[in-house]
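Given next are the chains, with one letter for each unit.
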Amino acid sequence: MKRYHVTTFGCQMNAHDSERIKGLLEELGLGEAPSQDEADVIVLNTCTIREKPDTRFAAHMGNAASLKRKRPGTVVAVGGCYAEAQRERLFTLYPDVDVAFGPGTIAHLGDWLGAGGEGVARGSFGTGSEREFAAGLPLHRERRFQAWVQVSMGCNSVCSYCIVPAVRGREISRRPGEILAEVEQLATEGVREVTLLGQNVNSYGRDVGSSFAELLRAVDAVDGIDRIRFTSPHPKDFRRDVIAAMAECAAVCEHAHLPLQSGSTRVLKAMRRTYSRERYLKLVAELRAGISDLALTTDIIVGFPGETDADFAETLEVVAEVGFDGAFTFVYSPRAGTEAASMDDQIPDELKRERIERLVEVVQRGAAKRNATRVGLVEEVLVEGPSRTEPDVLRGRTRRNTTVNFAGPAAPGELVPVTIEASTSTTLRGIRLAAVAA
Ligand code: SAH
Ligand code: SF4
Ligand code: F3S
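Keep in mind that this is a model prediction, so the values were computed, not measured. (Residues numbered from 1 in each chain as written. Chains lettered and ligands numbered in written order. Predicted model: local features only at pLDDT ≥ 70, side-chain atom pairs only at ≥ 80, totals over all residues. Heavy atoms only, no water.)

1. Section: the packing of aromatic side chains
Spelled out, the test is: Whether two aromatic rings pair depends on their centres lying within 6.5 Å, for rings of Phe, Tyr and Trp, where Trp uses its six-membered ring; planes under 30 degrees apart make the pair stacked, over 60 edge-to-face, and the rest tilted. Only DSSP runs of H or I reaching four residues or more are called helices, and only runs of E reaching two or more are called strands; each is numbered from the N terminus. For every residue, the accessible area (1.4 Å probe, protein chains only) is compared with the maximum for its type, and the residue is labelled buried under 20%, exposed over 50%, or partly exposed between those bounds. Over a ring means this: the NZ of a Lys or the CZ of an Arg is within 6 Å of the ring centre and within 35 degrees of the ring normal.
The full count for this structure, using the stated rule, is 7 aromatic pairs. Measuring from centroid to centroid gives 5.1 Å for F57 and Y94, while their planes differ by 75°, and the two rings are edge-to-face. With F57 in helix α2 (residues 51–70) and Y94 in the loop between α4 (90–93) and β5 (99–101), the pair connects residues that are 37 residues apart, well separated along the chain. Like F57, the residue Y94 is buried in the burial classification. Centroid distance F212 to F230: 5.0 Å. Interplanar angle 70°. Geometry classified as edge-to-face. With F212 in helix α8 (residues 212–220) and F230 in strand β11 (residues 227–231), this pair connects stretches of sequence that are 18 residues apart. What makes F212 buried here is its relative accessible area of 1%. Ring pairing ties together the aromatic residues F57, Y82 and Y94, which thus form one cluster. For the cation-ring pair, R143 lies above W148, with the distance from its terminal atom to the ring centre recorded as 4.0 Å.

Now the structure itself:
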């Protein structure tokens, strides 16, 4: 039996696409190899959101190329956003690539590889009208009790720094009936938590006569689904009906990942985010008023072209004012073809570094404070398995999406009450609340 190995870069969307890629390859009769070195078909599912994933991909290609020299029959298939962005040049840049495919053409991977990975046709396809949802493909799920569910593909926003619209195309929503059928199927397989995925998840539905709020309510009604998460919402589409649905649906978790990007209205405008600092803060207030005990996380970019010390100071202010439970912080990385890449006033690397260090400090201080308020509380934890670093300790997540390391007993997939005893800026620590004898 031929064997494949998939390496995934980038976001949860890509991680989920990889589950479809694996499902498809298994349907073709391939088995999974434990490493690239042992695989007949090496798949790299790439990301190109910043320069770093491009560089990591180049390193993996180096390894794949040397494996090909040792074992000439090895097939190298490159998919995802970098492949799409470089579709014209990929085979020239990397002559060892046999098959290239975009995020919208995973379904064709089988045609190019042939049954069992034989008879490779060199080919590359991308985001044209031929784009298809990968959701119809077989699925190799990585996690037993949690699942990703794609609700839309593409993005209609025009954030000036972002490559995603160019590589994932315009937004298309999946039909609500299809999404619900998938969620129901997952529930019968024992899945307790679903994460709804879209580049701009809460703009879902306009093109299929539905809305994100309606979708949340429909998924909430599926028996057996105890937790619903979603990522990433855009602040501009976070309307009242979504907040109400979050508050009223028992399974929708008390967590919103709300990308801020910058705290300066001037920079937000140049980023084409379509909200101001004030509008963002108002939304935070509405969310907190509507949903009790809400956790808020965010994404922030520092060093956007033209960002002054005063702009950056505003970002620090907003971060301190909101008090995020966590944040992904990024140094601005120019992406070829985007509006921001050709703007004047690119910020020197050293200044970007300095700013991100200062930002991380403020983020961590805020998150540590937020987590400290959980000490003494009993949190409902979905058990995921043993802790990554301490095999005797269990690991799981609260509804607010904080990782908890705790003393059991408990089995993966169970929802258990855990008394929180200690906290850091990123994790909680506790002990399972003993069952009280009746
Ligand atoms: N669709 C999602 C996120 C897409 S990318 C959304 O809009 O929220 C995830 C994060 O990467 C973004 O929120 C942004 O903070 C960051 N990012 C995107 N392009 C970037 C760039 N060119 N340089 C640095 N960070 C970037
Ligand atoms: Fe990129 Fe903006 Fe779309 Fe998010 S909303 S994927 S940052 S263009
Ligand atoms: Fe990267 Fe594509 Fe996701 S560029 S972040 S894998 S949408």
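Next, the rest of the story.
2. Comments concerning helix α12 (residues 309–322)
Just so we agree on the cut-off: Expected helix span is taken as 1.5 Å per residue step, with the number of steps being one fewer than the number of residues. Within this analysis, the arc is defined by the directions that extend from the helix axis to the C-beta atoms.
Relative to the 20 Å expected for 14 residues at 1.5 Å per residue, α12 spans 20 Å between its end C-alpha atoms, a close match to the ideal helical length. When we look at burial in α12, the residues that qualify are D311, F312, T315, L316, V318, V319 and V322. With its buried residues spanning 160° around the axis, α12 presents them on a single face. Turned more than 90 degrees away from the buried face of α12 sit D309, A310, A320 and E321, all of them exposed.

3. Structural notes on the nonpolar core
Defined as follows: Nonpolar cores are built from buried Ala, Val, Leu, Ile, Met, Phe, Trp, Tyr and Cys residues. Side-chain atoms within 4.5 Å join them into one set. Here, residues are in contact when the closest pair of their heavy atoms is within 4.5 Å.
L196, L216 and F238 are the most contacted members of the largest nonpolar core, which has 64 residues in total. Apart from the residues lying within four places of it in its own chain, the contact partners of L196 are V149, V151, V201, F212, L215, L216, I228, R229, F230 and T231.

4. Details of the pairing of strand β15 (residues 378–386)
Where we set the bar: The pairing criterion is simple: DSSP has to find at least two bridges between the two strands.
Where β15 lies against strand β18 (residues 415–423), 5 bridges are found, and the strand directions are antiparallel. Within β18, the position partnered with E380 by the bridge is P417. Sheet topology note: the β15/strand β16 (residues 394–398) ladder contains 5 bridges and is antiparallel. Opposite G385, over in β16, you have R395 as the bridge partner.

5. Points about the sheet that holds β15
Basically, it comes down to this: Axis lines are fitted through C-alpha atoms, for helices just across the contact stretch, and the angle between N-to-C directions can take any value from 0 to 180 degrees.
Strand order around the closed barrel formed by 5 strands is β15-β16-β17-β19-β18, with mixed pairing between neighbours. Pairs of neighbouring strands in the sheet enclose a mean axial angle of 50°, with direction left out of account.

6. Quick word on the pattern of salt bridges
Oppositely charged side chains are able to pair whenever their charged atoms sit close together. Here is the rule we go by: By salt bridge we mean one thing: a side-chain nitrogen of Lys or Arg within 4 Å of a carboxyl oxygen of Asp or Glu.
Throughout the structure, instances matching the rule amount to 38 salt bridges. Salt-bridge contacts for E38 lead to R3; the nearest nitrogen and oxygen are separated by 3.6 Å. Placement of E38 in the loop between β2 (31–32) and β3 (41–46) and of R3 in strand β1 (residues 3–8) is noted, with a sequence separation of 35 residues between them. Residue E38 is classed as partly exposed on the basis of its relative accessible area of 41%. The closest approach of N and O atoms between R266 and D311, which form a salt bridge, is 2.5 Å. Pair noted here: R266 is in helix α10 (residues 265–271) and D311 is in helix α12, with a separation of 45 residues, a long-range link. Note on D311: relative accessible area 4%, which makes it buried.

7. Comments concerning the layout of surface pockets
Short version of the rule: Cavities and pockets were defined on a 1 Å grid built from protein atoms only: a cavity is a group of points that admits a 1.4 Å probe but offers it no way out, a pocket is an open group of points flanked by protein on both sides within 12 Å along at least five of seven lines, and a lining residue is one with an atom within 4 Å of any such point. Grid points are joined across faces, edges and corners, and a volume is the space filled by probe spheres set on the points. Polar here means any residue outside two lists: the nonpolar Ala, Val, Leu, Ile, Met, Phe, Trp, Tyr, Cys and Pro, and the charged Asp, Glu, Lys and Arg; Gly therefore counts as polar.
A volume near 210 Å³ is recorded for the second largest pocket. Lining the second largest pocket, in full, are E384, S387, R388, T389, E390, R395, G396, R397, T403, N405 and T427. Going through the elements one at a time, β16 and β17 (403–407) are the ones with two or more residues in the lining of the second largest pocket. In terms of residues, the lining of the second largest pocket owes the most to one element, β16, which gives 3 residues. Here the lining of the second largest pocket is composed, by residue class, of no nonpolar, 6 polar and 5 charged.

8. Things to note about the site of ligand 2
The criterion, for reference: Neighbouring residues are identified by heavy atoms, a residue being near a molecule or strand if any of them is within 4 Å of it.
Taken together, C155, S157, C159, Y161, C162, V164, P165, Q199, H234 and R273 make up the full set of residues near ligand 2. Per-class residue counts for the shell around ligand 2 are 6 nonpolar, 3 polar and 1 charged.

9. Description of the domain arrangement of the protein chain
The condition that has to hold: Boundaries between domains were set according to an automatic or database domain assignment.
Taken domain by domain, the protein chain holds domain 1 (3–130) and domain 2 (378–437). Each of domain 1 and domain 2 has a C-alpha centre, and the two are 37 Å apart.

10. Notes on unusual backbone geometry
Of the consecutive residues T231 and S232, the connecting peptide bond is found in the cis state with omega at -10°. Mapped onto the elements, S232 comes out in the loop between β11 and α9 (240–248). Backbone torsion omega between G408 and P409 reads 5°, so that peptide bond is classified as cis. The residue P409 is located in the loop between β17 and β18 in this model. One non-glycine residue with positive phi stands out, namely R272, at about 60°. Along the chain, the position of R272 falls in the loop between α10 and α11 (277–290).

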